[in-house]
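Single-letter residue listing:
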Amino acid sequence: QISSVADEVGCSVYAVGGFVRDLLLHKKNLDVDIVVEGNAIDFARRFADQHACRVRAHEKFVTAVVIFDDGYKLDVASTRTEYYLEPGALPNVEEASIKLDLYRRDFTINTLALALNHDSYGELLDYFGAQRDLHDKAIRVLHNLSFVEDPTRMFRAVRFEQRLGFKLGMHTENLLRSAVEMDFVQRVGPLRLFNELTIILNEENPFPAISRLEELGLLACLCDQWRVDARVKESFRQAQKALHWHELLYTGSPVERWVVYFLCLSQPLSDDAMAAVCGKLSVPQRWQDILVGERCRVMKVFHRLERDQQKLAEYRPSEVSQRLKGIGDEMLLYAMARTHSDAVRLAVSQYLTQWRDVKPLLNGDDLIALGVDRGPRIGEVLALLRDARLDAEVSSRQDEVDFVRS
Ligand code: ATP
């Protein structure tokens, strides 16, 4: 279908980047990036006219996102070249051929393009040795100034290296180490750094990449107090287990994996140091409130639970729920990863899987009909009813009515 539209608008169209790389590596990747040697917006609109989808165009960058009815998105860009006026700044952009478009990319393995027009369908463009480097399992930049132009590529290099099980090419690693030594990371805006870090922390198993960042001196560029010692390593391991367990629950509420790992990484940091690193990386305020404000309170709740662990099995579910109420999933999973107490872990898992969403069968209107005064009393009685349900003191609607009457 893309081929027909490409031929109609009379320009060459390619699939590029990670999709083609992963295709050659036999890895699943549903993120298809399309580039058009011409106007991407015209192409996207013509495509949308003929298919069940709509287009969100970005006139300034001449790019478009094609959004299908089922929510699937296809990114379409016009081939372009970029040049940098100063290190770390965003580039200036100009229209260009596919070859120049591929040359602006970060690593050779991301420079493959797969032709999609009918007459050239399936032809692989490989101008910069991508297939060789895929074969050698090497991450290589395209030119010596790559990390200077865009220091975020250093984080991307580590991410691809660890995710794919590749190795930085020797020259590329030397370039990276020099760029670290010259402190180029400090020229990057905090949001772009935060973005790179969260992408790494959202990987299935981010620990090897974090460890490699430390070894290359990149972790210290983000926060000079982050260290990868045995305790942090163990927290990452336990956090991965906790996240995997949570995923299998299919709670429907997705967790921000990066938050859990950010907490693991920041385990030894004081509240002040945590606030400083969150500020330096421009962590969004709602997450700063949790990472900085909540962490201390939640850790205290958990210390108390650990202190009481011998008696925890005798606690009523309403008591455990009362203590854990209002704590977000990310913080709960982090605390689960940190605790050494099986009893505490069990209590948290019961709270998450069975107790947290328990609600009374009666609602406010029912209580008013039963003669409860309007106002705060309604909330109080509903809370008592919920606790009674949690502790199996009531099970049916009639039990709840009797409970209210008594
Ligand atoms: P992932 O599988 O993690 O999505 P990807 O290769 O698709 O990896 P994206 O971040 O989606 O990576 O970027 C798409 C493409 O854009 C990359 O393949 C790369 O060629 C190019 N790219 C992205 N960021 C940069 C950058 N900072 N410098 C140069 N090229 C980049």
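Parameters and conventions
- Residues numbered from 1 in each chain as written.
- Predicted model: local features only at pLDDT ≥ 70, side-chain atom pairs only at ≥ 80, totals over all residues.
- Helix = DSSP H or I, 4+ residues; strand = E, 2+ residues; numbered from the N terminus.
- Buried ≥ 20, exposed ≤ 12 C-beta atoms within 10 Å, placed from the backbone.
- Contact = placed C-beta atoms within 7 Å.
- Near = placed C-beta within 6 Å.
- Nonpolar A, V, L, I, M, F, W, Y, C, P; charged D, E, K, R; others polar.
- Core = buried A, V, L, I, M, F, W, Y, C linked by C-beta atoms within 7 Å.
- Axes fitted to C-alpha atoms, helices over the stretch in contact; angles between N-to-C directions.
- Parallel < 35°, antiparallel > 145°, perpendicular 65-115°, else oblique.
- Left-handed = near helix turned anticlockwise from the far one by under 90°.
- Expected span 1.5 Å × (residues − 1).
- Arc of directions from axis to C-beta.

A.B. asks: Can you walk me through the overall build of the protein in this structure?
C.D. replies: Helix and strand content of the protein: 21 helices and 11 strands. Counting only C-alpha atoms, the protein reaches 80 × 50 × 35 Å along its principal axes. By residue count, 34% of the 406 residues in the protein fall in the buried class. A sequence separation of at least 24 residues applies to 62% of the contacts in the protein between residues at least 6 apart.

A.B. asks: Whenever I open this one, the site of the ligand confuses me. Can you help?
C.D. replies: Lining the immediate environment of the ligand, one finds Gly-17, Gly-18, Asp-31, Asp-33, Arg-105, Asp-106, Asn-110, Asp-150, Thr-152 and Arg-153. Residue classes in the shell around the ligand are distributed as no nonpolar, 4 polar and 6 charged.

A.B. asks: What exactly am I supposed to notice about the nonpolar core here?
C.D. replies: A general trend in soluble globular proteins is that nonpolar side chains are found buried together. In this structure, Ala-239 and Cys-264 are the most contacted members of the largest nonpolar core, which totals 97 residues. Tallying contributions element by element places helix 13 (residues 257-265) first for this core, with 8 residues. Residues contacting Cys-264, with those up to four places away along its chain left out, are Val-232, Ser-235, Phe-236, Ala-239, Tyr-334 and Ala-337.

A.B. asks: What is the right way to read the packing of helix 13 against helix 17 (residues 329-338) from this model?
C.D. replies: Angle between the axes and distance between the axes are the two parameters that describe a pair of packed helices. Contact geometry for helix 13 and helix 17: axes closest at 9 Å, N-to-C directions at 45°. As far as their axial angle goes, helix 17 and helix 13 are oblique. Both helix 13 and helix 17 take part in a crossing whose hand is right-handed. Between helix 13 and helix 17, the contacting residues are Val-259, Val-260, Leu-263 and Cys-264 on the first element and Glu-330, Leu-333, Tyr-334 and Ala-337 on the second. Across the contact of helix 13 with helix 17, the residue classes tally to 7 nonpolar, no polar and 1 charged.

A.B. asks: Any chance you could explain unusual backbone geometry here in plain terms?
C.D. replies: The phi torsion of most residues other than glycine is negative, and most of the peptide bonds are trans. A positive phi angle, close to 50°, is found at Val-62, a residue other than glycine. As for its position among the elements, Val-62 is in the loop between strand 3 (53-58) and strand 4 (63-68). Phi at Ser-282 is positive, roughly 50°, even though this residue is not glycine. Considering the arrangement of structural elements, one finds Ser-282 in the loop between helix 14 (271-280) and helix 15 (285-307). Given 15 C-beta atoms within a 10 Å radius, Ser-282 is considered partly exposed.

A.B. asks: Hey, could you run me through helix 12 (residues 230-249) in this one?
C.D. replies: Side chains of residues three or four places apart in an α-helix project in the same direction, reflecting 3.6 residues per turn. With 20 residues, helix 12 extends 29 Å between its outermost C-alpha atoms, agreeing within 8% with the 28 Å of an ideal straight helix rising 1.5 Å per residue. Every buried residue belonging to helix 12 is among Val-232, Ser-235, Phe-236, Ala-239, Ala-242, Leu-243 and His-246, and all of these are buried. Down the axis, helix 12 shows its buried residues gathered within 135° of arc, on one side only. Exposed and oriented more than 90 degrees from the buried face of helix 12 are Ala-230, His-244 and Leu-248. Where helix 12 is buried, its residues meet helix 10 (207-215), helix 13 and helix 17. Count one or two residues on from helix 12 and you reach Tyr-250, which has phi positive near 50°.

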